[in-house]
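What follows is the residue order along each chain.
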Amino acid sequence: MKNHKTIVLSNQEISPGYFRMRILAPDYNRLARPGQFVMFRVQRSLLPLLRRPFGIFRAGFMPADCDTMPPKEFIEIIYKVVGSGTEIMQGLHHGDPVELLGPLGAGFDLNLTSGDSMLVGGGIGLVPLYMLAESIADPSRAEVLIGGRSRDDIIMVTEFERLGVKTFVSTEDGSLGDVGLVTHVLEQRLEQKPKARVFACGPMPMIRAVEKICRSKGVQLQVSMEELMACGVGACLGCVIKGEGHTSEKPNFLCTCKVGPVFNASDLAWNDCDSGGDVSDGDGCGCGDKQ
Amino acid sequence: MKRREKIDKTVHLQVDIAGIRLKNPIMPASGTFGYGEEYAPYLDLNSLGAIVTKGLSLHPKAGNNTPRVCETVGGMLNAIGLQNVGIEHFIYQKMPFLKQFDTPVIVNFFGNTQEEYGEVAARLDELPGVAGLEMNISCPNVKHGGIVFGTDPKAAFATVAAVRKKTSKPLIVKLTPNVTDIQVTARAVEEAGADAISLINTLTGMAVDVKTRRPRLANTIGGLSGPAIRPIAVRLVHQVVQAVKVPVIGIGGISRAMDALEFLIVGATAVQVGTANFVDPNAMATIIADLETFCLAEGVDDINELIGSLKV
Ligand SMILES: Cc1cc2nc3c(=O)[nH]c(=O)nc-3n(C[C@H](O)[C@H](O)[C@H](O)COP(=O)(O)OP(=O)(O)OC[C@H]3O[C@@H](n4cnc5c(N)ncnc54)[C@H](O)[C@@H]3O)c2cc1C
Ligand SMILES: Cc1cc2nc3c(=O)[nH]c(=O)nc-3n(C[C@H](O)[C@H](O)[C@H](O)COP(=O)(O)O)c2cc1C
Ligand code: FES
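Residues numbered from 1 in each chain as written. Chains lettered and ligands numbered in written order. Predicted model: local features only at pLDDT ≥ 70, side-chain atom pairs only at ≥ 80, totals over all residues. Heavy atoms only, no water.

1. A look at the side chain of T6(A)
All names here are of chain A. Keep this limit in mind: Strands here are runs of E lasting at least two residues and helices are runs of H or I lasting at least four, both read from the DSSP assignment and numbered beginning at the N terminus. Here's how the labels work: a residue is buried when its accessible area is under 20% of the maximum for its type, exposed when over 50%, partly exposed in between, all with a 1.4 Å probe on protein chains only. Counted as a polar contact is a pair of N or O atoms within 3.5 Å, where, for protein atoms, one must be capable of donating a hydrogen and the other of accepting one, and residues adjacent in sequence contribute only when both atoms are in side chains.
Relative to the helices and strands, T6 is located in strand 1 (residues 2–15). T6 sits in the buried class, given a relative accessible area of 5%. There is a polar contact of 2.6 Å between the side chain of T6 and the backbone oxygen of L24.

2. Regarding the interface of chain B and chain A
One frequently used descriptor of interface size is the decrease in accessible area upon assembly of the parts. The criterion, for reference: We call two residues in contact when some of their heavy atoms are within 4.5 Å. Once two parts are joined, some of their accessible surface, as seen by a 1.4 Å probe, is lost; buried area is that loss totalled over both. We define a salt bridge as a contact between a side-chain nitrogen of Lys or Arg and a carboxyl oxygen of Asp or Glu at a distance within 4 Å. Under the scheme applied, nonpolar residues are Ala, Val, Leu, Ile, Met, Phe, Trp, Tyr, Cys and Pro; charged residues are Asp, Glu, Lys and Arg; polar residues are all the others, including Gly.
On the chain A side, the residues contacting the 55 residues of chain B number 48 residues. Of the roughly 4,100 Å² buried at the junction of chain B and chain A (both faces included), carbon and sulfur atoms supply 57%. For chain B, the biggest contributors to the area lost against chain A are Y42(B), E71(B) and V279(B); these three give 16% of the whole. At the junction of chain B with chain A, the criterion picks out one salt bridge. Notably, a salt bridge pairs E71(B) with R52(A), separated by 2.8 Å at the nearest N-O pair. Tallied by class, residues from the side of chain B that touches chain A come to 23 nonpolar, 26 polar and six charged.

3. A look at the site of ligand 1
All names here are of chain A. Short version of the rule: In these notes, residues near a molecule or strand are those with any non-hydrogen atom within 4 Å of it. Per-residue accessibility takes into account occlusion by the displayed protein chains alone, with areas from the Shrake-Rupley method and a 1.4 Å probe.
Taken together, 20 residues lie around ligand 1, and P53, I78, G85, T86 and E226 are the ones closest in. At 2.8 Å from an oxygen atom of ligand 1 is found a side-chain nitrogen or oxygen belonging to R52. A distance of 2.4 Å is found between an oxygen atom of ligand 1 and a side-chain nitrogen or oxygen belonging to T86. In isolation ligand 1 offers 830 Å² of accessible surface; the protein chains occlude 82% of this area.

4. Focus on the sheet that holds strand 12 (residues 197–201) of chain A
All names here are of chain A. The cut-off we apply is this: Strands are labelled as partners when DSSP assigns at least two bridges between them.
Spatial strand order, 11-10-9-8-12-13-16: seven strands in an open sheet with mixed pairing. Pairing within the sheet leaves two strands with one partner each, and these edge strands are strand 11 (178–179) and strand 16 (262–264). Here two bridges tie strand 10 (residues 166–171) to strand 11, and the two strands are oriented parallel to one another. Within strand 11, the residue paired with T171 across the bridge is V179.

5. So, the domain arrangement of chain A
All names here are of chain A. Counted only if it meets this: Throughout, the edges of the domains are those of an automatic or database domain assignment.
In terms of domains, chain A is made up of domain 1 (2–104) and domain 2 (110–267). A straight line from the C-alpha centre of domain 1 to that of domain 2 covers 23 Å. When the buried surface of domain 1 facing domain 2 is broken down by residue, Y18, P34 and F57 rank first, second and third, together holding 31% of it. Where domain 1 packs against domain 2, one counts two salt bridges. Between E159 and R20 there is a salt bridge, with the nearest N and O atoms lying 3.0 Å from each other.

6. As for the packing of aromatic side chains
Our working rule: Between 30 and 60 degrees the pair is tilted, below 30 it is stacked and above 60 it is edge-to-face, where a pair is any two Phe, Tyr or Trp rings, Trp via its six-membered ring, whose centres lie within 6.5 Å. A ring is scored as having a charge over it whenever the NZ atom of a lysine or the CZ atom of an arginine sits within 6 Å of its centre and within 35 degrees of its normal.
Counted by the stated rule, this structure contains twelve aromatic pairs over all chains. Taking the centre distance of 6.1 Å and the plane angle of 70 degrees together, the rings of F109(B) and Y117(B) count as edge-to-face. Given a relative accessible area of 0%, F109(B) falls into the buried group. A connected cluster of aromatic rings, assembled from ring pairs, spans F19(A), F40(A), F54(A) and Y79(A). Directly above the ring of F74(A) sits R22(A), whose terminal nitrogen or CZ lies 3.8 Å from the centroid. Directly above the aromatic system of F253(A) lies the positively charged group of R68(B), at a separation of 4.7 Å from the ring centroid.

7. Here's the deal with the sheet that holds strand 2 (residues 18–24) of chain A
Residue and element names in this part refer to chain A. Quick note on the threshold: What counts as an axis is a line fitted to C-alpha atoms, over the stretch in contact for a helix, and the angles between N-to-C directions run from 0 to 180 degrees.
Pairing in this open sheet of seven strands is antiparallel, and the strands run 4-3-7-1-2-6-5 from one edge to the other. Looking at the sheet topology across the chains shown, the edges are occupied by strand 4 (52–55) and strand 5 (58–62). Going across the sheet, the axis of each strand differs from the next one's by a mean of 40 degrees, ignoring polarity. Bridge analysis of strand 3 (residues 37–41) against strand 4 gives four bridges, and the strand direction is antiparallel.

8. Some thoughts on the side chain of N277(B)
Residue and element names in this part refer to chain B. In this structure, N277 sits in helix 8 (residues 276–279). For N277, the side chain forms a polar contact with the side chain of T32, separated by 3.4 Å. Apart from residues no more than four positions distant in its own chain, N277 is found in contact with P28, T32, F33, Y39 and M284.

9. Details of the site of ligand 2
Surveying the vicinity of ligand 2 reveals 25 residues, the closest of which are S30(B), K174(B), G226(B), G253(B) and T275(B). Looking at what sits near ligand 2, you find residues from chains A and B. Within the contact set of ligand 2, an oxygen atom lies 2.7 Å away from a backbone nitrogen or oxygen of S30(B). Take G55(B): an N or O atom from its main chain is 3.3 Å from an oxygen atom of ligand 2.

10. Quick word on a nonpolar patch on the surface
Residue and element names in this part refer to chain B. Defined as follows: Every patch collects residues that have over 30% relative accessible area and no salt bridge, joining them within 9 Å if they carry like charges and within 5 Å if they are nonpolar side chains (Val, Leu, Ile, Met, Phe, Trp, Tyr).
Taken together, the side chains of M206, V208 and V210 present a nonpolar region at the surface, about 300 Å² in accessible area. On the secondary structure map, M206 appears in strand 13 (residues 203–206). Given a relative accessible area of 49%, M206 falls into the partly exposed group.

Encoded structure:
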């Protein structure tokens, strides 16, 4: 774990609104594990203030281009332009200064990939699944189920195919692959391979549906979760998620940045309802106490 | 020859807060630095003036629902809800780590009632390795309709006086800026026995998602921190320095040495760095180095010369 003041190596649009950025990242090839993320500072000014969390798509190195230059380690991230930070990111070019804090968090448990594996992802959720697929010893036993609203949201299919992983594509509007939800495909595939372990990352409704399916079929599931993050290192306690057995009397809050972002689904509380709080203040100024 | 002289010169950065000797005036702000260990991979904790812990209470506290944080222009809102491991867990699980460093540990704490404040202070008083206590009075008093202790000078006085009886360690009282006249609160806590005053805690704020029309924080209201609040914080520190004799620690939006210097010049003896740690985990190390560079460039041998040197 380190903060690198580094530079962008390349930045390309791969599908409308989706970009792939390569960043010089010393040590990441050795250290980064599938499912981990970085806190990315999009420029060295105080605007935007906070770093943005991004999953590591892959780590690699470019061989030395001449004798005097050492090989360059890099990581790639894939991001969707959604707001102020990613808007700045899409305008970055080779050589632009950025900062990388990481690799952070707990990744996927590779021991679980020894048998049949199913990787379920929607949209940008495919990012950490790619590095997982790369690390699976026998890719022919892995399948990746890719879902999205329409064809623009379907990214990285060829990348997965190149790894020798079988891909299943579905879109809600039928503009690419099968018509319907990726979770429907998951149900079908689990009929064929009932012993498979499932790894999922994507929008919350998808994650919830995947969890339900896996629970009802008794299938082991690891999920990668997203929460708003300020620090990424377990200090601010902004990114918590409710753990298994959480109640207001016996709270079990887990830091998504430290314990996660990848969790065993069985370690989380899924009966969660979205409860807005009552009116009180923030930490420091009135601490938001609810008694 | 002349150049060499300049390089060899060192600046005296040591300051003293109520008997706590700090190597330099830079320390983290409570709640932005965890229990120290979270940032140890990025920063040498021995280089800091002090380490200030997340706010602790008698019993562990769960905190609020998410979303708990939200970025705003030049700042952020938080409503963590003072989640913490509780004083006992801190003593057995977190304190041993902090003791390894040659850096004073200041424990930030709070209570839901006046009695609870007293109990935590008494427990901390027994602990070797705790250099000082920082009392967060920006909390609602659950016995009195949730009125924030620090917004009522009488309640602030009574609570600080109760804590004062329980500890002989240096007691820093941390003020909320959400009051009409900060000088009244500052005098009240000084009179009640505070050895030092730190400020500011976060300013209450709110942000709305216009698409969903929901507040951006689950708690609706949160505390604003970061560069956006600095001018308000400098003004409040300036006012408090005028009102009290005890040393003052300046907090609010410090991200660079220049920011820290503003607080020192208006009269803060030391400063705390909060939100900037999230932006750059190495921020405090950079600030310390740049303070030294500034002093060398300005011909200042001792940082204490700068403290309260405001020309008006
Ligand atoms: C562990 C993790 C991994 C992620 N991996 C990827 C990835 O590989 N590719 C990708 O495109 N996105 C990923 N995200 C989401 C990504 O962090 C946000 O899309 C991004 O922060 C938006 O920044 P913005 O400034 O463009 O948006 P704004 O809306 O302007 O951001 C405002 C604030 O909200 C935060 N924020 C907004 N959306 C999200 C979100 N969905 N999750 C967390 N914080 C958010 C920002 O970090 C910022 O602090 C990941 C999030 C997490 C937590
Ligand atoms: C995420 C977060 C958590 C905080 N937790 C505490 C706390 O537990 N106790 C406390 O006294 N202040 C707490 N604060 C307030 C800070 O210590 C500091 O007073 C405030 O953030 C202003 O400084 P800054 O602008 O440098 O961040 C917290 C602030 C933030 C952003
Ligand atoms: S983001 Fe700060 S604790 Fe996880």
